[in-house]
Amino acid sequence: LFNSCREADVGSASIKLQMERIRSDIASLSNGKVLIMTNAVCLGSTVRPSDITITNQFSVEKLERFLVQVQRWNGPVSSALYIRHIKDLLKFQSFLLKNLESLRQVSFHLYFDNSRSHSAHPYPNNVLRNLALDNVKTNYFLLMDIDLFTTPGRTHDGIQSLLRDDGTIVDKMNSKTMFVLPAFEHTKVIPDSRLSADYWSFPMNKKDVKKMYEDDVTPQFKASNDNGHGSSNYTKWISNQTDASYPINFKFGFEPYVMGAKKSIPRFYDFFRGYGFNKLSWFTELHLAGYKYEVLRDYFVFHANHVPSYDGTDKRHQLKQNAVCAKGFIDGLVDSYGDVADEVLYEWKSTYRKEGSTFGIFGHFGIFAYFGII
């Protein structure tokens, strides 16, 4: 179902009416169906083409974190919300009515899956990422996960000012350059009920995060897997002795949080769900499509730590499912990029073999041989 966002009628009564219509649509959905509602709830603010829109995806369990992310960004947001039950929708409605003023710049896109049970059908990360990205109305986006926060103090306005002052950054974005916001780890687990945009131990600026990094209070995000974020070159970023941005080299496994131009951006591979390879596959394709990377000197994001989303059993099951989907993904790369895709096949083989060995599910020859992929 496709809906349009209007500036008028965004008060409490209108929200309740919109949600009643959504509940009616969901109630009439037959088993085995998925209902996708783009722009299901929009709260009235206009956007400019030059704005940068955060894209995110989440379920109602993450509403408190979502609110903190929105408040610290203070710019447009395109959000894909995963709904499993009518009670999820009621919780969402209550959240909207309580936080209406903070959500004026958010467009919500709802995904209701009535096709299978939630436990048998892992969280559709990439379907939701595409839903949020496809519905960005500005020229530029910032890819985020829901547990990542930007610096406060009107971060969106600061980056916009940078783009106005340095036209080369805009030119580079429009010529296949992604700009990385280095990611840090706020190691303390904070209950969601206590989270706030100005929580006392969150870094407020680069000076804060530099000291916390040097004191090992806020280390590199996922430092145990250096391929994931190490290419950002944290030592160089901390030194503060670069231009407004500095170039870096892509390394297989790099999964940063990036700002880029929406035009012609490759989509996420829909079939990866739950744990494993959902973002890795996207950055692999960006690399093959000729995208380059630079790091923004004055901006960063940090991960607010939380209880793990998946246990070992979930990871094993979901990794095995995603392994089957890998064949279609790799076949698509070869079809789209020809021989240039050969350079990443070895890396994918090695990565899958390592993960398969870690979880004890793919045998001696690794995941590709296990499923007859190549």
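Residues numbered from 1 in each chain as written. Predicted model: local features only at pLDDT ≥ 70, side-chain atom pairs only at ≥ 80, totals over all residues. Heavy atoms only, no water.

**Some words on the environment of D157**
Here comes step 1: Assignment of secondary structure puts D157 in helix α5 (residues 155–165).
Here comes step 2: Take D157: its relative accessible area is 25%, and that puts it in the partly exposed class.
Here comes step 3: Along the backbone, D157 and W73 are 84 residues apart, and their C-alpha atoms lie at a distance of 8.7 Å. (Helix = DSSP H or I, 4+ residues; strand = E, 2+ residues; numbered from the N terminus. Buried < 20%, exposed > 50% of the residue type's maximum accessible area, 1.4 Å probe, protein only.)

**Some points on the environment of F254**
Here comes step 1: Here F254 lies in the loop between β9 (245–248) and β10 (257–261).
Here comes step 2: Residues within four places of F254 in sequence aside, it is in contact with V180, N227, G228, H229, S231, S232, I248, F283 and Y293. (Contact = heavy atoms within 4.5 Å.)

**Considering the pairing of strand β1 (residues 34–42)**
Here comes step 1: Of all the nine residues making up β1, seven are buried; the element is thus mostly covered by neighbouring parts of the structure.
Here comes step 2: Relative to strand β4 (residues 106–113), β1 is paired through six bridges, and the arrangement is antiparallel. The partner of V34 across the bridge, within β4, is D113. (Pairing = 2+ DSSP bridges.)

**Some words on unusual backbone geometry**
Here comes step 1: Positive phi is not limited to glycine here, since N39 has a value of about 50°.
Here comes step 2: The topology assignment puts N39 in strand β1.
Here comes step 3: For N39, a relative accessible area of 11% gives the class buried.
Here comes step 4: Phi at D216 is positive, roughly 65°, even though this residue is not glycine.
Here comes step 5: Along the polypeptide, D216 turns up in the loop between α7 (206–214) and α8 (226–229).
Here comes step 6: Under the relative-accessibility criterion, D216 is labelled exposed at 59%.

**Notes on the nonpolar core**
Here comes step 1: In terms of nonpolar packing, the biggest core is built from 95 residues, with V41, F66, F92, L103, F108 and W282 touching the most fellow members.
Here comes step 2: For V41, the contacting residues outside a window of four places in its chain are I15, Q18, M19, I22, F92, L96, V106, S107 and F108.
Here comes step 3: Grouped together as the second largest cluster of nonpolar side chains are eight residues, Y269, L288, F329 and I330 included. (Core = buried A, V, L, I, M, F, W, Y, C linked by side-chain atoms within 4.5 Å.)

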